[in-house]
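# Close look at the chain arrangement
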Amino acid sequence: MGKVTVMEGTTKEPITLIGKMAGICYGSDVKDPLKNYKRGMGCIESNHGRTLEFPEVYLELSGYSARVIREYYTHIAGGPTRLQASTRYINYENGFDYITPPKIQNNEEALKVYDEMMKNIQVSLKKLEDLGIPKEDSAMGLPLGMTTVIVDKRGLRSLIEMSHQRLCTRAYWEFRNLMNDIMKALKEYSEEWAWLVDNLFMPKCEYLGRCPEKTSCGRYSN
Ligand SMILES: Cc1cc2nc3c(=O)[nH]c(=O)nc-3n(C[C@H](O)[C@H](O)[C@H](O)COP(=O)(O)OP(=O)(O)OC[C@H]3O[C@@H](n4cnc5c(N)ncnc54)[C@H](O)[C@@H]3O)c2cc1C
């Protein structure tokens, strides 16, 4: 089970911050938080995209597969920064945790094959180690399904864009779960984040009013 932790450093009042930053450029009074909030809402409703880059989000994502994190890394707009657990220094001698997809979990025979595959990797890693192969080389055999940890910093705008792709019914199921976990964690972080998630985070079909995917799930026509 993956876990999303919203870390210290994340903007607590993102809408108010947007309004404050914009207010300075409008020559407005920015001492009143309520006025800042209202101005921030105005910027968002007017789709003044650049202002969405002021709020920052620091996340720890743990217990998701290296595979989904590889996809997470494709979301590069807005200059995010990230660190990922090393496969060089972490000791996998006692095995590694891995994600089991629901279709495998619910199929007794398939689950046996899958678990055996993971066990075999583990046995081979140990054999390589006994042969004096350093971890940084034997780690080549670690599966994409193994769980990992990353820390990530990115802006509100980047997360909105991510939601458009990753809430799509056709997106990889684990990323849909991860996206929903991020949204849940942000909603719990503050009321302003709850509003942003409820109103701006959505699959691209909802945002565009049509489905741009070649193979559509049928929710919106393309
Ligand atoms: C059904 C489905 C299947 C997918 N399958 C895969 C897969 O198999 N493998 C995989 O790797 N990914 C896959 N993806 C992810 C997708 O193809 C993108 O790689 C991913 O969403 C990140 O790219 P992005 O453009 O959305 O994000 P970002 O690069 O973060 O960009 C976000 C937005 O910023 C703007 N932007 C970005 N770069 C520029 C630029 N240079 N100039 C101007 N504006 C810019 C654009 O508006 C863009 O939409 C899939 C997505 C879906 C929905």
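Residues numbered from 1 in each chain as written. Predicted model: local features only at pLDDT ≥ 70, side-chain atom pairs only at ≥ 80, totals over all residues. Heavy atoms only, no water.

## Side note on empty space enclosed by the protein
A water-sized probe, rolled over the atoms, reveals where empty space remains. Evaluation of the coordinates by the stated rule reveals 2 cavities of 30 Å³ or more. Space inside the second largest cavity adds up to approximately 100 Å³. Looking at the lining of the second largest cavity residue by residue, the class counts come to 8 nonpolar, 2 polar and 4 charged. (1 Å grid on protein atoms, 1.4 Å probe; cavity = no way out; pocket = protein on both sides within 12 Å on 5 of 7 lines; lining within 4 Å. Points joined across faces, edges and corners; volume = space filled by probe spheres on them. Nonpolar A, V, L, I, M, F, W, Y, C, P; charged D, E, K, R; others polar.)

## So, the nonpolar core
Within the largest apolar cluster, 36 residues are counted, with the highest numbers of intra-cluster contacts made by Leu61, Tyr72, Leu178, Ile182, Leu186 and Phe201. Put simply, the parts of the chain that give this core at least two residues each are strand S1 (3-6), helix H1 (14-26), helix H2 (33-45), strand S2 (56-65), helix H3 (66-72), helix H7 (156-166), helix H8 (173-189) and helix H9 (191-200). In terms of nonpolar packing, the next biggest core, distinct from the first, is built from 8 residues, Tyr114, Met118, Leu125 and Ala139 among them. (Core = buried A, V, L, I, M, F, W, Y, C linked by side-chain atoms within 4.5 Å. Buried < 20%, exposed > 50% of the residue type's maximum accessible area, 1.4 Å probe, protein only. Helix = DSSP H or I, 4+ residues; strand = E, 2+ residues; numbered from the N terminus.)

## Observations concerning the pairing of strand S4 (residues 147-155)
Where S2 and S4 come together, 9 bridges link them in antiparallel fashion. Of the residues in S4, the one forming a bridge with Leu61 is Ile150. One ladder, built from 4 bridges, connects strand S3 (residues 81-84) with S4; its direction is antiparallel. Along S4, the bridge assignment pairs Thr81 with Lys153. (Pairing = 2+ DSSP bridges.)

## What to know about the domain arrangement of the chain
Under the domain assignment used here, the chain contains domain 1 (3-84 + 147-207) and domain 2 (102-141). Look at where the C-alpha atoms of domain 1 and domain 2 centre, and you get two points 36 Å apart. (Domains from an automatic or database assignment.)

## Things to note about the packing of aromatic side chains
Counted by the stated rule, this structure contains 4 aromatic pairs. With centroids separated by 5.7 Å and ring planes inclined at 65 degrees, the aromatic side chains of Tyr172 and Trp173 adopt a geometry described as edge-to-face. Over the ring of Tyr73 we find Arg82, and its NZ or CZ is 4.2 Å from the ring centre. (Phe/Tyr/Trp six-rings, centres within 6.5 Å; stacked < 30°, edge-to-face > 60°. Lys NZ or Arg CZ within 6 Å of the ring centre and 35° of its normal.)

## Side note on the sheet that holds S1
Read from one edge to the other, the open sheet built from 4 strands follows the order S1-S2-S4-S3, with strand pairing classed as antiparallel. Of all strands in the sheet, those with a lone pairing partner are S1 and S3, marking the two edges. Going from strand to strand, the sheet's axes swing by 15 degrees on average, the running direction of each strand aside. Docked against the sheet, H8 engages S1 and S2, running at close to 140 degrees with respect to S2. (Axes fitted to C-alpha atoms, helices over the stretch in contact; angles between N-to-C directions. Contact = heavy atoms within 4.5 Å.)

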